[in-house]
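This is what each chain is made of:
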Amino acid sequence: MAVLGRWWNGVWGRLGRRDIWLSINYRVTARQGNSEHGKVLRWDFESEDAARSMVDRLTTADGPGEWREMDSSKAGSAPSAPESQSG
């Protein structure tokens, strides 16, 4: 799935790392932890504005690190993990 934006909290490691993807179908995917052991949550929205509002909520929540937007051309695709949940 193509990505409109990706954010990372700048923390390496399986406990403190956080990643967020905004897909072109207005799905927000948030991962806590690394790619092997992380917990993945997903939310689907009807508009880009609503999806970006969720991204704003996630990036302003308390947590480790300092959020930064990654280069969209290198954003890759959001993870698809069997342990994922929708909220």
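Residues numbered from 1 in each chain as written. Predicted model: local features only at pLDDT ≥ 70, side-chain atom pairs only at ≥ 80, totals over all residues. Heavy atoms only, no water.

## Topic: the overall build of the protein
Inference 1: Tallying secondary structure elements over the protein gives 1 helix and 6 strands in all.
Inference 2: The order of helices and strands in the protein, counted from the N terminus, is β-β-β-β-α-β-β.
Inference 3: Out of the 87 residues belonging to the protein, those deemed buried represent 34%.
Inference 4: A separation threshold of at least 6 residues defines the contact pool for the protein, and within that pool the share at least 24 residues apart is 47%.
Inference 5: Counting only carbon and sulfur atoms, one obtains 46% of the accessible surface of the protein, whose full area is about 5,400 Å². (Helix = DSSP H or I, 4+ residues; strand = E, 2+ residues; numbered from the N terminus. Buried < 20%, exposed > 50% of the residue type's maximum accessible area, 1.4 Å probe, protein only. Contact = heavy atoms within 4.5 Å. Areas by Shrake-Rupley, 256 points an atom, 1.4 Å probe, with all protein chains shown as cover.)

## Focus: the environment of Trp21
Inference 1: The topology assignment puts Trp21 in strand β2 (residues 18–23).
Inference 2: Residue Trp21 is classed as buried on the basis of its relative accessible area of 3%.
Inference 3: Separated by 18 residues in sequence, Trp21 and Val3 have C-alpha atoms that sit 6.8 Å apart.

## Quick word on the layout of surface pockets
Inference 1: By volume, the largest pocket is sized at about 310 Å³.
Inference 2: Listed by contribution, the elements that provide at least two residues to the lining of the largest pocket are β2, β3 (27–32), β4 (39–44) and α1 (48–60).
Inference 3: Across the lining of the largest pocket, the residue classes break down as 8 nonpolar, 5 polar and 5 charged. (1 Å grid on protein atoms, 1.4 Å probe; cavity = no way out; pocket = protein on both sides within 12 Å on 5 of 7 lines; lining within 4 Å. Points joined across faces, edges and corners; volume = space filled by probe spheres on them. Nonpolar A, V, L, I, M, F, W, Y, C, P; charged D, E, K, R; others polar.)

## Some words on the nonpolar core
Inference 1: Residues Trp7, Ile20, Leu22, Val28, Ala30, Trp43, Ala51, Met54 and Val55 constitute the largest nonpolar core, which totals 9 residues.
Inference 2: Put simply, the parts of the chain that give this core at least two residues each are β2, β3 and α1.
Inference 3: The dominant element in this core, judged by the number of residues it contributes, is α1, at 3 residues. (Core = buried A, V, L, I, M, F, W, Y, C linked by side-chain atoms within 4.5 Å.)

## Some words on the environment of Trp12
Inference 1: Checked against the element boundaries, Trp12 lands in the loop between β1 (3–8) and β2.
Inference 2: On the accessibility criterion, Trp12 (68% relative accessible area) is exposed.
Inference 3: The sequence separation of Trp12 and Asn34 amounts to 22 residues, and the corresponding C-alpha distance is 8.2 Å.

## Details of unusual backbone geometry
Inference 1: The phi torsion at Tyr26 lies on the positive side, around 65 degrees, for a residue other than glycine.
Inference 2: The residue Tyr26 is located in the loop between β2 and β3 in this model.

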